[in-house]
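Now for the letters of each chain:
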Amino acid sequence: MKAVILAGGLGTRLSEETELVPKPLVEVGGRPILWHVMKIYATASVTDFVICTGYKASMIKRYFANYFLETNDIEIHTATREIEYLTPRSLEDWTIKLIDTGLDTMTGGRIKRVVSYLDDTFCLTYGDGVTDLDVREVIAFHKSHGCLATITAVPSPGRFGILDMDQNDVVRRFHEKPDAEMGWINGGYFVLEPGVIDYIVDDETVWERQPLERLASDGELRAFRHRGFWKAMDTLRDKRDLEELWASGSPPWKRW
């Protein structure tokens, strides 16, 4: 199963960091937040990634192109220009497609642009949110209900898009960022069928608006409720909070 990661946004609320690097490359514990997200999926044996880039796309490509070089001990022979890798193999066995989906493309448009790489059920998330969620449980839940889309719902820490759900976890309505409501919110970590692409019109389509709203109204959106740890790195304060958790030696999202 593939995991699509949306990693092309400007990250304006973290501008202190994103003036220099794209948000997915902002580091927590010496590793990009994107790497942490990928490790969460890898723990669930999802290791085939399609990364939708945009802002500073070349930096994300360079990071992975040089990944083996930068994450292993090496021996350099200057006379022959040879590089010997002292680690026998990479710690990660991942397949990574890095697709430039445009600088100004909206989240839905980015998904639509990588449709040619998606031929079966796939995962989707953002390149900036970490959790102790077991992705395998979300996949199993998705396969059990037969709808087009599963969204991971987490308790709202503040002002986010709200999910209205019934006792059977059927999402009746999705409404983004209301002014004064609390409840369950979009925590990312979707599991989707290729049919959701039909709900995306073009590059201007915001995944969290019309597509999710229509999927909900059509009865095709179900929610997996996760009550454990979840945090999105939206601001510098969020980054500092995650750094403190990592420095504690037992960050709750580290299950590898």
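Scroll up to find the structure.
All figures in this text were calculated on a predicted structure; none of them were measured in a lab.

Draft legend 1. Inspection of the environment of Gly-188 at higher detail. Assignment of secondary structure puts Gly-188 in the loop between strand S13 (184-186) and strand S14 (190-192). Taking the relative accessible area as the measure of exposure, Gly-188 reaches 0% and is therefore buried. In this structure the C-alpha to C-alpha distance between Gly-188 and Thr-125, which are 63 residues apart in sequence, comes to 5.1 Å. If we skip the residues at most four places from it in the chain, Gly-188 touches Leu-124, Thr-125, Tyr-126 and Thr-152.

Draft legend 2. Fine view of unusual backbone geometry. Non-glycine residue Lys-56 carries a positive phi angle of around 50 degrees. Residue position: Lys-56 is located in the loop between strand S4 (48-53) and helix H3 (57-65). Its identity is not glycine, yet Tyr-189 carries a phi of approximately 50 degrees, on the positive side. As for its position among the elements, Tyr-189 is in the loop between S13 and S14. Residue classification places Tyr-189 among the buried positions, given a relative accessible area of 2%.

Draft legend 3. Representation of the packing of aromatic side chains in the model. Throughout the structure, instances matching the rule amount to 14 aromatic pairs. Ring plane angle 45 degrees and centroid distance 4.6 Å describe the contact between Phe-68 and Tyr-85, whose orientation is recorded as tilted. Here the residue Phe-68 occupies a position in helix H4 (residues 67-70), and Tyr-85 occupies one in strand S6 (residues 82-85), the gap between them amounting to 17 residues. By the ring-pair criterion, three or more aromatic residues cluster together here, those being Tyr-41, Phe-49, Tyr-63, Phe-64, Tyr-67, Trp-94 and Tyr-189. Here the guanidinium or amino end of Arg-31 rests over the ring plane of Trp-35, the centre of that ring lying 4.6 Å away. The residue whose ring lies beneath Arg-225 is Trp-184, and the NZ or CZ to ring-centre distance is 5.3 Å.

Draft legend 4. Expanded view of the nonpolar core. Residues Met-38, Tyr-41, Phe-49, Val-130, Val-135 and Leu-242 are the most contacted members of the largest nonpolar core, which totals 38 residues. Within the residue set of this core, elements represented by two or more residues are strand S1 (2-7), helix H2 (33-43), S4, H3, helix H6 (135-145) and helix H8 (236-247). Ranked by residues supplied to this core, first place goes to H2 with 7 residues. Contact partners of Tyr-41, with chain neighbours within four places excluded, come to Ala-3, Val-46, Phe-49, Cys-123, Leu-124, Thr-125, Val-135 and Tyr-189. Judged by nonpolar contacts, the second largest core, of 31 residues, contains Val-4, Cys-52, Ile-151 and Leu-163.

Draft legend 5. Just the side chain of Asp-134, in detail. With respect to the element layout, Asp-134 can be found in the loop between strand S9 (129-131) and H6. A polar contact of 3.0 Å, which involves the side chain of Asp-134, links it to the backbone nitrogen of Arg-136.

Draft legend 6. H3, seen in detail. Those residues of H3 lying buried are Ala-57, Ile-60, Tyr-63 and Phe-64. What you see down the axis of H3 is that its buried residues fit within an arc of 125 degrees, all on one side. On its buried side, H3 packs onto S1, strand S3 (31-32), H2, S4, H4 and strand S7 (95-100).

So, how was this worked out
Residues numbered from 1 in each chain as written. Predicted model: local features only at pLDDT ≥ 70, side-chain atom pairs only at ≥ 80, totals over all residues. Heavy atoms only, no water. Helix = DSSP H or I, 4+ residues; strand = E, 2+ residues; numbered from the N terminus. Buried < 20%, exposed > 50% of the residue type's maximum accessible area, 1.4 Å probe, protein only. Contact = heavy atoms within 4.5 Å. Phe/Tyr/Trp six-rings, centres within 6.5 Å; stacked < 30°, edge-to-face > 60°. Lys NZ or Arg CZ within 6 Å of the ring centre and 35° of its normal. Core = buried A, V, L, I, M, F, W, Y, C linked by side-chain atoms within 4.5 Å. Polar contact = N/O pair within 3.5 Å; in protein donor to acceptor, adjacent residues only side chain to side chain. Arc of directions from axis to C-beta.

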